[in-house]
Amino acid sequence: VIYTTCAACHGHNAEGMKAFHAPAIANQESWYLKQQLNNFRMGRRGKHEDDVYGATMLTIANVLPNEEAVDMVTTYIGMLPHVKTEKTLEGNVENGKNYYDMICGSCHGPGAVGNAALHSPALIGMNDWYLKLQIENFRAGIRGTHPDDLHGIQMREMAESIPDDASILDVVAYIQSLQ
């Protein structure tokens, strides 16, 4: 019942809907979904004036009245079957692999499967357009600047290591190729 609100944007099976800029969340681990919902609920994410989509999510996340509701919805999403996300962007996969190995892989792991111990989510199975947007948001200071978002601050520093827009596309294309 709680997920019904989420389904309006993320889809009935958490497959995501690009039209609403809502990523697939069926492929994400419950601990990370909980962390991000709480970041929105606590104002650590979605407050930047240029984060239009984050501001929408901030409002929706605050519909969840307490931690029990967050646990219930993230547990439910965790039970949904994984989905294959559609390739929407082009990039140089080999160049992207090199940058991924140098910059991203130490936290997000080989194969982009994530590492809970480092609070690094799985990237495989995420929408390529969403990954691109989030890397750009980290680089621009739209995300990862709240002083209580320690993992976001760390990610912002790493995103700034990707030298240019073409290399962002390459990294995202590499991650997409892992599906």
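That block above? That's the structure.
Residues numbered from 1 in each chain as written. Predicted model: local features only at pLDDT ≥ 70, side-chain atom pairs only at ≥ 80, totals over all residues. Heavy atoms only, no water.

S.K.: Is there a simple way to think about the packing of helix α6 (residues 128-140) against helix α7 (residues 150-159) in this case?
M.R.: Working note: a packed helix pair is described by the angle between its axes plus the distance between those axes. Where α6 meets α7, the axes come as close as 8 Å, and the angle between the chain directions of the two elements is 95°. One finds that α6 runs roughly perpendicular with respect to α7. Residues Ile135, Phe138, Arg139 and Ala140 of α6 touch α7, and the partners they reach there are Gly152, Met155, Arg156 and Ala159. (Axes fitted to C-alpha atoms, helices over the stretch in contact; angles between N-to-C directions. Helix = DSSP H or I, 4+ residues; strand = E, 2+ residues; numbered from the N terminus. Parallel < 35°, antiparallel > 145°, perpendicular 65-115°, else oblique. Contact = heavy atoms within 4.5 Å.)

S.K.: Just checking my understanding: could you explain the packing of helix α2 (residues 30-41) against helix α3 (residues 52-61) for this structure?
M.R.: Direction vectors running N to C along α2 and α3 enclose 95°, while the axes themselves pass 8 Å from each other. Here α2 is positioned roughly perpendicular relative to α3, judged by the angle of their axes. Contacts from Leu37, Phe40 and Arg41 in α2 reach Gly54, Met57, Leu58 and Ala61 in α3. Residues belonging to the contact of α2 with α3 are distributed by class as follows: five nonpolar, one polar and one charged. (Nonpolar A, V, L, I, M, F, W, Y, C, P; charged D, E, K, R; others polar.)

S.K.: Quick question: what am I supposed to make of the pattern of salt bridges here?
M.R.: It is possible for side chains of opposite charge to pair when their charged atoms get near one another. Taken as a whole and assessed by the stated rule, the structure comprises seven salt bridges. As a salt-bridge pair, Glu90 and Lys87 come within 3.4 Å of each other at their nearest N and O atoms. Of the charged contacts in the structure, one is a salt bridge between Arg156 and Glu160, with a shortest N-O distance of 3.5 Å. Glu160 sits in the partly exposed class, given a relative accessible area of 43%. The network of salt bridges with common partners includes Lys34, Arg41, Glu67 and Asp71. (Salt bridge = Lys/Arg side-chain N within 4 Å of Asp/Glu carboxyl O. Buried < 20%, exposed > 50% of the residue type's maximum accessible area, 1.4 Å probe, protein only.)

S.K.: I would appreciate a short explanation of the packing of aromatic side chains in the present structure.
M.R.: Within a pair of aromatic rings, the relevant descriptors are the distance that separates the centres and the angle that separates the planes. Applying the stated criterion across every chain, the model contains four aromatic pairs. Between Tyr3 and Tyr76 the ring centres are 5.4 Å apart and the planes differ by 40°, which places this aromatic pair in the tilted class. Remark: Tyr76 occurs in helix α4 (residues 67-79) and Tyr3 occurs in helix α1 (residues 3-10); sequence separation between them is 73 residues. Assessed through its relative accessible area of 35%, Tyr76 is described here as partly exposed. Each ring, one from Tyr100 and one from Tyr174, has its centre 5.5 Å from the other, and the planes form 50°; the classification is tilted. Residue Tyr100 is found in helix α5 (residues 93-108), and its partner Tyr174 is found in helix α8 (residues 165-177); the two are separated by 74 residues along the sequence. For the pair Tyr100 and Tyr174, one class covers both residues: buried. (Phe/Tyr/Trp six-rings, centres within 6.5 Å; stacked < 30°, edge-to-face > 60°.)

S.K.: Explain the state of the cysteines here, please?
M.R.: A disulfide bridge is the covalent bond that connects two cysteines by way of their sulfur atoms. Across all of its chains, the model carries zero disulfides by this definition. Left unpaired, Cys6 is separated from the closest cysteine sulfur, that of Cys9, by 9.0 Å. The structure places no disulfide on Cys104, whose sulfur is separated from the nearest cysteine sulfur, that of Cys107, by 8.9 Å. Under the relative-accessibility criterion, Cys104 is labelled buried at 10%. (Disulfide = S-S within 2.5 Å.)

S.K.: It is not clear to me how the side chain of Ser120 should be interpreted in this structure. Could you clarify?
M.R.: As for its position among the elements, Ser120 is in the loop between α5 and α6. Looking at Ser120, the relative accessible area reads 5%, which means it is buried. Polar side-chain contacts of Ser120 include one of 3.4 Å to the backbone oxygen of Cys107. Setting aside anything within four residues of it in sequence, one finds Ser120 in contact with Trp31, Cys107, His108, Gly114 and Asn115. (Polar contact = N/O pair within 3.5 Å; in protein donor to acceptor, adjacent residues only side chain to side chain.)

S.K.: Is there a simple way to think about the nonpolar core in this case?
M.R.: The nonpolar side chains of a soluble globular protein tend to be buried with one another. Tyr100, Leu123, Leu131, Ile135, Val172 and Ile175 are the most contacted members of the largest nonpolar core, which has 20 residues in total. Of all the secondary structure elements, the ones that give two or more residues to this core are α5, α6 and α8. The residues contacting Tyr100, other than those within four sequence positions of it, are Gly105, His108, Gly109, Ala112, Leu123, Val171, Tyr174 and Ile175. (Core = buried A, V, L, I, M, F, W, Y, C linked by side-chain atoms within 4.5 Å.)

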